[in-house]
Amino acid sequence: MTAASSARQILTRLHEVMASRSQPQRKLDQVVEIIGDSLDSEVCSIYLLRDGALELFATRGLNPDAVHVTRLGVGEGLVGTIVANVETLNLAEAAAHPDFAYRPETGEDRFHSFAGVPIIYRERAVGALVVQHADPRRYEAVEIEALQTTAMVMSELIAHAGLVDEEQALVEDGGPRILPGLTLVKGLASGYAVFHQPRITIDQVVAEDIEAERQRVYRAFDKMREQIDTLGAQAEFRDGGEHEEVLETYKMFAYDEGWGRRINEAIDSGLTAEAAIERVQQHTRMRMRQIDDPLLADRMHDLEDLSNRLLRIVSGQLGTAATQGLRRDTILIARNLGPAELLEYDRRRLKGVVLQEGSLTAHVVIVARAMGVPVLGRCEGILRQVAEGDEILLDADKGAVTLRPSQAMGEVFDARFAKSRERQAQYATLRDVEPFTRCGTRIHVMINAGLRDDISTLAMTGADGVGLFRTEFQFLVSATLPARERQTRLYRDVLDAAGDKPVVFRTVDIGGDKAVPYLTSEALEREENPAMGWRALRLALDREGLLKAQARALLEASAGRQLNVMFPMVSEPWEFDAAKQVFDEQLAFMKVRRKQLPETIRYGAMLEVPALAEVLEQLVGRLSFLSVGTNDLTQFLFAADRANPKLAERYDWLSPAILRFLDRVAKGLVGSEIDLGICGEMGGRRLEALALLGIGYRRLSITPAAVGPIKELIRKVDLKELSTVMSEWLLRPPPSLRAALTEWCEARGIDTE
Ligand code: PEP
Ligand code: MG
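Computed from a prediction, not measured in an experiment: that's the story for all the values here.

Visitor: Help me out: how do you make sense of the pairing of strand β14 (residues 400-403) in this one?
Guide: Along any regular strand, the residues point their side chains to alternate faces of the sheet. Judged by which residues are buried, β14 turns out to be covered on both faces: A400 and T402 on one side and V401 and L403 on the other are all buried. Of the pairings in the sheet, the one linking strand β13 (residues 391-395) to β14 comprises four bridges and is antiparallel in character. What sits directly across from L394, in β14, is V401. Adjacent in sequence and paired antiparallel, β13 and β14 are bridged by four residues, among which G399 carries a positive phi angle near 80°.

Visitor: Sorry, what's going on with the domain arrangement of the protein chain here?
Guide: One can read the domain layout of the protein chain as domain 1 (3-169), domain 2 (171-198 + 324-428), domain 3 (199-318) and domain 4 (433-747). Each of domain 2 and domain 4 has a C-alpha centre, and the two are 28 Å apart. The partner domain 4 presents 25 residues to the 19 residues of domain 2 that form the contact. Both sides of the domain 2 and domain 4 interface together cover about 2,100 Å² of buried area, and 61% of this is carbon and sulfur. Of all residues in domain 2, the largest losses of buried area upon contact with domain 4 belong to T361, H363 and Y427, amounting jointly to 29% of the total for that side.

Visitor: Would you mind showing me how to read the packing of helix α25 (residues 630-637) against helix α26 (residues 656-669) here?
Guide: Between α25 and α26, the shortest axis-to-axis distance is 11 Å and the interhelical angle comes to 120°. One element, α25, and the other, α26, form an angle in the oblique class. When the axes of α25 and α26 are compared, the crossing they make is right-handed. The residues of α26 that touch α25, namely those facing T630, L633, T634 and L637, are I658, F661 and L662. Grouping the amino acids of the contact of α25 with α26 by side-chain chemistry returns five nonpolar, two polar and no charged.

Visitor: Any chance you could explain the coordination of the magnesium ion (ligand 2) here in plain terms?
Guide: Where a metal carries four tetrahedral donors, each ideal angle is 109.5 degrees; where it carries six octahedral donors, the ideal angles are 90 or 180 degrees. On the protein side, the magnesium ion (ligand 2) has E608 (OE) and D632 (OD) as donor atoms, found 1.9 to 2.0 Å from it. Linking E608 in the loop between β19 (600-607) and α24 (610-613) with D632 in helix α25, this pair joins segments that are 24 residues apart in sequence. On the accessibility criterion, E608 (2% relative accessible area) is buried.

Visitor: Would you explain the site of ligand 1 in this entry?
Guide: Neighbouring ligand 1 are 16 residues, the closest being R470, R506, E608, N631 and R642. Measuring from an oxygen atom of ligand 1, one finds a side-chain N or O atom of E608 at 2.8 Å. Between ligand 1 and the protein, one listed contact pairs an oxygen atom with a backbone N or O atom of N631 at 2.7 Å. Isolated, ligand 1 exposes 290 Å² of accessible area, and the fraction of that covered by the protein chains is 100%. Residue assignment for the shell around ligand 1 shows that the elements contributing at least two residues are α14 (363-371), β16 (466-470) and α25. Class assignment for the residues of the shell around ligand 1 results in four nonpolar, five polar and seven charged.

The rules behind these values
Residues numbered from 1 in each chain as written. Chains lettered and ligands numbered in written order. Predicted model: local features only at pLDDT ≥ 70, side-chain atom pairs only at ≥ 80, totals over all residues. Heavy atoms only, no water. Buried < 20%, exposed > 50% of the residue type's maximum accessible area, 1.4 Å probe, protein only. Helix = DSSP H or I, 4+ residues; strand = E, 2+ residues; numbered from the N terminus. Pairing = 2+ DSSP bridges. Domains from an automatic or database assignment. Contact = heavy atoms within 4.5 Å. Buried area = accessible area lost by both parts, 1.4 Å probe. Axes fitted to C-alpha atoms, helices over the stretch in contact; angles between N-to-C directions. Parallel < 35°, antiparallel > 145°, perpendicular 65-115°, else oblique. Left-handed = near helix turned anticlockwise from the far one by under 90°. Nonpolar A, V, L, I, M, F, W, Y, C, P; charged D, E, K, R; others polar. Donors = N, O, S within 2.8 Å, 3.2 Å for Na, K, Ca; no water. Near = heavy atom within 4 Å. Polar contact = N/O pair within 3.5 Å; in protein donor to acceptor, adjacent residues only side chain to side chain. Areas by Shrake-Rupley, 256 points an atom, 1.4 Å probe, with all protein chains shown as cover.

What follows is the structure, encoded as structure tokens:
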């Protein structure tokens, strides 16, 4: 008899039991008989989690009086170990295992061999299925597989019969857990876990028609391979900064014959397509747990992703959690996200984001910051440790996330939350206070924005204006190129909302990690280094129609007022001139048409490409202002991809290399008409902002949430003292500039966080 046909026989018998009208307990009693019989084992037992312990629910072969009496803690004895580690055990001599715990009431001392598998329900081990035998022999692989398949059927029974209280299962098996991560957007939030890529719950495990299930899997594989082949163009892969490597691994798995074959074998044994995919995945997960290899673990995530994708295809449940809509306060869980994907979520329900990957200056993080959503990144293991619907406390101030918190943890968190709100309220009192330093210099604190709603934070924070309006956000949220009229409307609304405060509009910065499929697919698909590729002004100058439309929209929206326009990624002066010329032409056209023109126009450039710094003097007289985009600038200075999570913490903004560069730029512009500022994320962090003030920067455009803290900081600073110490440090850098500056602050009672 083949492995598949024996497994199928077991499944057929189990199916009959499941379909019968018996009570759940009776069904369990029948299951242990069937398994014991089929695997030729004297003992077969089922342990399920109840009131915090694993209780013997049914047995054949052990003392029947032990049923509902024998209880083991999770992690206690072999059964407890299976559940705690979600692992399969297969032992010739049970008593030789270090975790063996003898329970006299069961009468199990006669049995030597032992095999057990976890019963998994909603991604958690909620019990164990165990067989024992008097002969000291290990069970064969096919027998273990039959056990694992039976355990899957058990989960169906558990679901339908309510044998394990769902809430209890979630809390008791999972228990509270704290995972560290990297703070990407500060803030506190609580809510319930929602996977960006929804997980599929399997309702039917046993197949009615095996051939039909096989066809379903074939079709799903075809579709998945098609998707993988075109994945390069998809936002999910582009925007999240995931590149070739992941794609290659996906391809390897998608075309891996072994994987397909194992799924087919599981179908042969009588499982539905969904159950077969999950069954194989569980098996792989267990095997991987035994291999302690971080490289393999990484690959394992890829296979998980793919397996989940296959499940979604086969069950027809496509789309992200955004398309399904959020129903309550949500903490979104994802491996990585693109900025456009994040923008699809309902801002009222989305309270926080936890990413397995992510880096500080990736655009998804900037978007989240604009949305006021705290983000924790590089949270190792989050995808494995959390289940959909788990309660989550996100503390992105401290850089940790608590899963399934206990009541006490919840109380501590609430207290912190209240404190943080208090601090926010304190900052709010600075709203109408102009940020002068102690020595009397007025610093201009502006906000970075990209959405219409962001402008309301101008009034809330009392910032001096919008120092960077990222116009591409409108393009990112749109399925098609936004028509000129729509652009005009947005810009006009923004100017109206800003009132008499200035707004600096940056022309579209598309490309890099901000892919827009309708614009960029042809070139970006093939780009090896999109951040250094055809993006921002480079793309806009080549797509003149795009820049023309935007120029007209900006000029028309600013009729009768001041227009501040800034070009991103200017690398050489001629690019600035070419972009300005597009505006000049539109202006001339409007004059002919007797349209109302802006009262004044100020043109600026972003300094993001180091090369521009070397030729800045050539732009004197043509440039009204220069804004340093430290996010891109530092990625180019250090040759470190801003979206690559592996490099997220490698280089410090407070490195002498960066600060000397910025210092040189500032010194070079002293006495010129060019108004200098910063608009990268760096300016919104207290220590970094201090360093910038210390080398002569007087205009910071930052994330709205940082305005309060930075204003408070400015009021404590004596610029003369600060610039003296900064020049010393730049001349002779201390071992750590960050440590030196922190010490300097502490000596003066200035908070560094
Ligand atoms: C920058 O690069 O610093 C910047 C402000 O632009 P963005 O983050 O949008 O690329
Ligand atoms: Mg930039």
